[in-house]
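Chains, contacts and geometry: an overview
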Amino acid sequence: MTAAVPALEVRDLTYRVDGTTILHGVSLRVEAGRHVSIVGPNGAGKSTFLKCLNRILLAASGEIKVNGRPLAAYSQPKLAREIGYVPQGGTDDIPFTVFEFAMLGRYPHLSPFTPTTEADEEAVRNALAMAGASELAERPCYTLSGGERQRVLIAAALAQDARILLLDEPTTFLDPHHQQDILKLLARLHRETNVTILSVTHDINAAAMTSDEILALRDGRAVFHGPPADLMQEKVLLDLFDQSFLFVPHPKTGQRLVIPEDAQ
Ligand code: ADP
Ligand code: MG
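So, here is what we can say about the structure in this document. As a convention, each chain's residues are numbered from 1 in the sequence order in which they are written. Each chain gets a letter, beginning with A, and each ligand a number, beginning with 1, in the order they are written. Whole-chain, interface and lining totals are the exception, using all residues; otherwise, since this is a predicted model, local features are given only for residues with pLDDT of at least 70 and side-chain atom pairs are given and counted only at 80 or more. For side-chain calculations, the full set of non-hydrogen atoms in the structure is used, while hydrogens and water are omitted.

Things to note about the site of ligand 1
For this description, a residue counts as near a given molecule or strand if any of its non-hydrogen atoms is within 4 Å of it. Lining the immediate environment of ligand 1, one finds V17, I22, P41, N42, G43, A44, G45, K46, S47 and T48. In protein, a polar contact requires one atom able to donate a hydrogen and another able to accept it; more generally it is a pair of N or O atoms within 3.5 Å, and residues adjacent in sequence count only if both atoms are side-chain atoms. At 3.1 Å from an oxygen atom of ligand 1 is found a main-chain nitrogen or oxygen belonging to A44. S47 is positioned such that a nitrogen or oxygen atom in its side chain is 2.9 Å from an oxygen atom of ligand 1. Ranked by the residues each element gives to the shell around ligand 1, the list is headed by helix 1 (residues 46-53), at three residues. Think of it as three bins: nonpolar holds Ala, Val, Leu, Ile, Met, Phe, Trp, Tyr, Cys and Pro, charged holds Asp, Glu, Lys and Arg, and polar takes everything else, Gly as well. Residues of the shell around ligand 1, tallied by class, amount to four nonpolar, five polar and one charged. Strands here are runs of E lasting at least two residues and helices are runs of H or I lasting at least four, both read from the DSSP assignment and numbered beginning at the N terminus.

Listed below in structure tokens is the structure:
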């Protein structure tokens, strides 16, 4: 029996900018259909890591394989058919309606000089529906609330029809209800489409509750990769964040959750 090809395989990834090394030899293997959360302090290199996977940034050395093929073997449109990316931050300045913006996600499927087809419009409508954003279709992007914006960014990534989704802090600026909304959306996508998800978050408890695996970065190095239960350990979290945590069981599931120790 041959082993399944992993969705992502990263070996010894190093990224430098202006003589500063931002990522130091990060390795990670993600099997297809896994939901991986990426955690770590501010400035650890989480966003840089996602951008290298998506070739927004070019790694200095190391190897990245996407569905078994080296990143270099993909043209940018071909890569965009494999990897959808939801960047950190907003859509404030985007001078498009939601529908037009989500249609941009179809660009890897379009040939030059060919207008979008009914099939592209259908794909965008489906993506908006999947992300619960259909009713926003005609709204200008700059009018969206934080939660709506995240749904639209996710819809645009879904319109790409990619089998791997990278999300950079999709819940950070949302209120608790809208955080849950996005987490539920990702869980549903994962369940219904078996898409591979890599999601950066500062919410350790949400990461533990929703993901199959966690990668922790600190100072540009992968310092932990494993199941959530192995991350939720005093020493692992202290070393990662320089912060003590108290551990409490989830009132309904008993799963181990954390509270920062100095919090009142
Ligand atoms: P995270 O997403 O984990 O907060 P980032 O990947 O955004 O971290 O950044 C990692 C580190 O790299 C930070 O210290 C940041 O200041 C630095 N960095 C990122 N991009 C550049 C750049 N273009 N020039 C210099 N330093 C950078
Ligand atoms: Mg970041």
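Concerning the sheet that holds strand 9 (residues 213-218)
With respect to topology, six strands assemble into an open sheet ordered 6-7-8-3-9-10, the strand pairing being mixed. Both outer strands of the open sheet, strand 6 (83-86) and strand 10 (221-226), are each paired with one neighbouring strand and no more. Across the sheet, the mean angle separating the axes of adjacent strands is 15° when strand polarity is ignored. We call two strands paired when DSSP finds no fewer than two bridges between them. Judged from the four bridges that link them, strand 6 and strand 7 (residues 164-168) form a sheet pairing that is parallel. Pairing of G84 across the sheet is with L165, part of strand 7. Pairs of residues are marked as contacts when any of their non-hydrogen atoms sit within 4.5 Å. To get an axis, a line is fitted to the C-alpha atoms, and for a helix only the part in contact is used. The angle between two axes follows their N-to-C directions and goes from 0 to 180 degrees. Sheet strands touched by helix 6 (residues 176-193): strand 3 (35-39), strand 7 and strand 8 (196-200). Its angle to strand 8, the strand with the most contacts, is close to 160°. Set on the sheet, helix 9 (residues 234-241) makes contact with strand 3, strand 9 and strand 10; between it and strand 9 the angle comes to about 40°.

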